[in-house]
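# Observations on chain architecture
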Amino acid sequence: MRLVIHDNYDQVSEWAAKYVRRRIISFNPGPDKYFTIGLPTGSTPLGMYRKLIEFHKAGKLSFKYVKTFNMDEYVALPREHPESYHSFMWENFFKHIDIQPENAHLLDGNAADLEKECVDYEIKITEAGGIRLFIGGIGPDGHIAFNEPGSSLVSRTRVKTLAQETIQANARFFGNDLSKVPKQALTVGVGTVMDADEVMILITGAHKAFALHKAIEEGVNHMWTVSAFQQHPRAIFLCDEDATMELRVRTVKYFKGLMQIHNKLVEEPGVVKVD
């Protein structure tokens, strides 16, 4: 497990984007060899998406041979609704890059058979060769995707009822009207994300500090689902200084001492070997 600590949100976003660029280019994708990546929504990854768009427009990165799988989607919210994750991804990322629409996979929260939709999503991931890199964010209660506290740490893609804390946190996107916030969502499971070759978790802000502490300094606990990634062989927790406020001083000191090594992971391809 790596903990990569930067001073602020912008530095976190840039490092994350450079890491994604590095992994895609090093993979050398082509028509018979697609790079597969799992993607999150929410405010945390927006800076990373902006930087990836910048790389693409500068001719430094192509998504032509990339397949994406998003983490989650609300149930019964029309896909054209401005707060659907389908709308979020197309407005903030997909429409600005050269990804083929059929390669951008999102769960359908309006499917006639939601259980089948979840099973089919897992099949699509398997048929794509699995996820090379899964990127996620977390909530203040340590949930990843919509794997709320108490979720099974070996769970797969499924329908999930949202916790009241999550509904309240998302109300700001629905005019602070709790009645308009969807109460269910489709989400990949913790086990689904754990199956990825690599996992990178983005954690920024003081309001996520206790969750980061629970994620890396205490034991694996299904009440803090992000803690499961302590056991992933190639997990990166990427955070800003504010998110370290609840960590032990020696934890922060130890990982900051590794930043020279961590920064080699995002050098231009051909400069240093990642693995």
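Everything that follows concerns the structure shown earlier in this document.
Report on the accompanying structure.

Cut-offs used in this document
Residues numbered from 1 in each chain as written. Predicted model: local features only at pLDDT ≥ 70, side-chain atom pairs only at ≥ 80, totals over all residues. Heavy atoms only, no water. Helix = DSSP H or I, 4+ residues; strand = E, 2+ residues; numbered from the N terminus. Rg over C-alpha atoms; globule rule 2.2 N^0.38 Å. Buried < 20%, exposed > 50% of the residue type's maximum accessible area, 1.4 Å probe, protein only. Areas by Shrake-Rupley, 256 points an atom, 1.4 Å probe, with all protein chains shown as cover. Lys, Arg positive; Asp, Glu negative; His and termini not counted. Charge placed at Lys NZ, Arg CZ, Asp CG, Glu CD. Pairing = 2+ DSSP bridges. Right-handed = clockwise from strand over helix to strand, strands pointing away. Salt bridge = Lys/Arg side-chain N within 4 Å of Asp/Glu carboxyl O. 1 Å grid on protein atoms, 1.4 Å probe; cavity = no way out; pocket = protein on both sides within 12 Å on 5 of 7 lines; lining within 4 Å. Points joined across faces, edges and corners; volume = space filled by probe spheres on them. Nonpolar A, V, L, I, M, F, W, Y, C, P; charged D, E, K, R; others polar.

## Considering the overall build of the protein chain
Across its full length, the protein chain holds nine helices and ten strands. Scaling as 2.2 N^0.38, a compact globule of 275 residues should have a C-alpha radius of gyration of about 19 Å, and the protein chain matches this with 18 Å. Expressed along its principal axes, the backbone C-alpha trace of the protein chain runs to roughly 50 × 45 × 35 Å. Across the 275 residues that make up the protein chain, the buried fraction comes to 54%. Total accessible area on the protein chain is roughly 12300 Å²; 50% of this is exposed by carbon and sulfur atoms. The protein chain carries 32 positive and 35 negative side-chain charges, and their two centres are separated by 6 Å.

## A look at helix α7 (residues 209–216)
For an α-helix, 3.6 residues make a turn, and residues three or four places apart therefore share a direction. Among the eight residues in α7, seven count as buried, and that is most of the element. Every buried residue of α7 is listed here: Ala209, Ala211, Leu212, His213, Lys214, Ala215 and Ile216.

## Thoughts on the pairing of strand β2 (residues 35–39)
Within β2, five of the five residues are buried, which leaves the element mostly enclosed by the surrounding structure. Here β2 shows no split at all, with Phe35, Ile37 and Leu39 on one side and Thr36 and Gly38 on the other all buried. The pairing of β2 with strand β3 (residues 66–70) spans five bridges and is classified as parallel. Its bridge partner lying in β3, Thr36 is registered against Lys67. With helix α2 (residues 46–57) bridging β2 and its parallel neighbour β3, the resulting β-α-β unit is right-handed. Judged from the two bridges that link them, β2 and strand β6 (residues 133–137) form a sheet pairing that is parallel. Considered in β6, the bridge of Gly38 is made with Phe134.

## What about the pattern of salt bridges?
Applying the stated criterion across every chain, the model contains twelve salt bridges. Between Glu14 and Lys18 there is a salt bridge; the shortest N-O distance is 3.2 Å. Of this pair, Glu14 and Lys18 both sit in helix α1 (residues 9–27), four residues apart, which is roughly one turn of the helix. A single salt-bridge network, built from bridges that share partners, covers Arg23, Glu198 and Arg234.

## Section: the environment of Asp10
The residue Asp10 is located in helix α1 in this model. Judged by its relative accessible area of 58%, Asp10 is exposed.

## Digging into the layout of surface pockets
Within this model, the largest pocket holds a volume of roughly 710 Å³. Secondary structure elements with two or more residues in the lining of the largest pocket: β4 (72–74), α3 (85–92) and α5 (164–170). Counted by class, the lining of the largest pocket contains 17 nonpolar, twelve polar and six charged residues.

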